[in-house]
Amino acid sequence: MKTAYITGGSKGIGLGVAKTLLSEGMRVAITGRDSVALKQAEEELLKLGTGEVLCIQSDVRDMTAEQNAIQQVVAKWGQLDVVIANAGVGKFASIEDLTVEDWKQVIDINLTGVFHTVKASIPALKDSKGYLITIASLAGTNFFPTASAYNASKFGLVGFTQAVMLDLRKYGIKVSTIMPGSVATYFNGHIPNDADAWKIQPEDIGQMVADLLKMNPRTLPSKIEVRPSMPPSK
Ligand SMILES: NC(=O)c1ccc[n+]([C@@H]2O[C@H](COP(=O)([O-])OP(=O)(O)OC[C@H]3O[C@@H](n4cnc5c(N)ncnc54)[C@H](OP(=O)(O)O)[C@@H]3O)[C@@H](O)[C@H]2O)c1
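Residues numbered from 1 in each chain as written. Predicted model: local features only at pLDDT ≥ 70, side-chain atom pairs only at ≥ 80, totals over all residues.

Undergrad: Can you help me understand the nonpolar core in this one?
TA: One broad trend across soluble globular proteins is that nonpolar side chains are buried collectively. With 48 residues, the main nonpolar core has Ala4, Ile6, Ala18, Val28 and Ile84 as its most contacted residues. With 6 residues, the single largest contributor to this core is helix α1 (residues 12–23). Setting aside residues no more than four positions away along its own chain, Ile6 makes contact with Gly14, Val17, Ala18, Val28, Ala29, Ile30, Ile84 and Asn86. Membership of the second largest hydrophobic core comes to 8 residues, among which are Val60, Ile109, Ala139 and Tyr150. (Core = buried A, V, L, I, M, F, W, Y, C linked by C-beta atoms within 7 Å. Buried ≥ 20, exposed ≤ 12 C-beta atoms within 10 Å, placed from the backbone. Helix = DSSP H or I, 4+ residues; strand = E, 2+ residues; numbered from the N terminus. Contact = placed C-beta atoms within 7 Å.)

Okay, structure coming up:
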């Protein structure tokens, strides 16, 4: 049975991907910083009744915590086949108002955090000839006002992931980055609601991940943009 590790799996896109991979028959480990949110997510996932779930408190900014988390997955299930480096945050302010703390938080989580997850998972992914997917953003190719920190983190993440793909494919490891537009999640303090119906839903990203995992081994969609097909007109 295949095993997945999803950072930031307690909410939003990560939780949506966890639900889809469980329904596809995989074992799924999720992480996050908040133990209460993790517990709630675990209950929601177990209610699906489709498989095994492991919740691990880990902040992607902490390399040792990421190494320990991945060791836990391999110790429990013997293998790691899929890594979804999804944990991320947004801080939006004009460069004049953006604080040093906000800049550091966004870069440390969205970019260095992914580096930690990737570094920690390479040995297990080499063993399984597995699949690594980073969740970047359309903000990794489109820039906009107030997004200097977020754009920098996601442009960086897209470049990082593409270089990692070239480094790791010789081991039979597949690497892709998914670059979503608006997704109905808790991102940046949002509360998902009925007015979000036009947005991509977290399970749609889950479906995209499941489809990537089923693709013929010879073929690799390495950089995928995905957007709402019918955004409201301004
Ligand atoms: N929503 C969108 O429109 C959208 C569009 C494009 C890309 N994205 C990207 O999608 C990813 C997921 O975001 P989301 O929209 O699903 O937001 P979300 O609903 O706020 O979920 C974020 C998840 O990441 C976790 N997280 C945050 N910081 C973390 C850290 N330092 N260590 C470990 N886990 C951490 C959160 O849990 P804790 O807070 O408990 O740690 C939570 O589980 C992000 O990388 C985001 O940039 C989102």
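Undergrad: Would you mind showing me how to read the site of the ligand here?
TA: If you check the shell around the ligand, you find 30 residues, and the closest are Gly8, Gly12, Arg33, Asp34 and Gly88. Mapped by element, the contributors of at least two residues to the shell around the ligand are α1, β2 (27–32) and α4 (100–128). Class assignment of the residues belonging to the shell around the ligand gives a composition of 11 nonpolar, 14 polar and 5 charged. (Near = placed C-beta within 6 Å. Nonpolar A, V, L, I, M, F, W, Y, C, P; charged D, E, K, R; others polar.)

Undergrad: When you look at the pairing of strand β6 (residues 174–180) in this model, what are you seeing that I'm missing?
TA: Burial analysis of β6 places 7 of its 7 residues in the buried class, which makes it a mostly covered element. Burial of the side chains of β6 extends over both faces: Lys174, Ser176, Ile178 and Pro180 are buried on one face and Val175, Thr177 and Met179 on the other. At this point the chain moves from strand β5 (residues 131–135), through helix α5 (residues 148–168), to the parallel β6, and the crossover so formed is right-handed. Sheet topology note: the β6/strand β7 (residues 223–226) ladder contains 4 bridges and is parallel. (Right-handed = clockwise from strand over helix to strand, strands pointing away. Pairing = 2+ DSSP bridges.)

Undergrad: What's the story with the environment of Gly189 in this structure? I'm lost.
TA: Checked against the element boundaries, Gly189 lands in the loop between β6 and α6 (202–214). Assessed through the 6 C-beta atoms surrounding it within 10 Å, Gly189 is described here as exposed. When the C-alpha atoms of Gly189 and Gly90 are compared, they prove to be 9.2 Å apart, with 99 residues separating the residues in sequence.

Undergrad: Whenever I open this one, the pairing of β2 confuses me. Can you help?
TA: The two faces of a sheet get side chains in turn, since along a regular strand they alternate between them. Most of β2 sits out of view: 6 of its 6 residues are buried. The alternating pattern of β2 places Arg27, Ala29 and Thr31 on one face and Val28, Ile30 and Gly32 on the opposite face, and all of these are buried. As defined by bridge partners, strand β1 (residues 3–6) adjoins β2 across 4 bridges and the pair is classed as parallel. Within β2, the position partnered with Tyr5 by the bridge is Ala29. Between the parallel elements β1 and β2, the chain passes through α1 in a crossover that is right-handed. Bridge analysis of β2 against strand β3 (residues 53–57) gives 5 bridges, and the strand direction is parallel. In the sheet register, Thr31 faces β3, and the bridge partner there is Ile56. Taken together, β2, helix α2 (residues 35–47) and β3 constitute a β-α-β crossover, and its handedness is right-handed.

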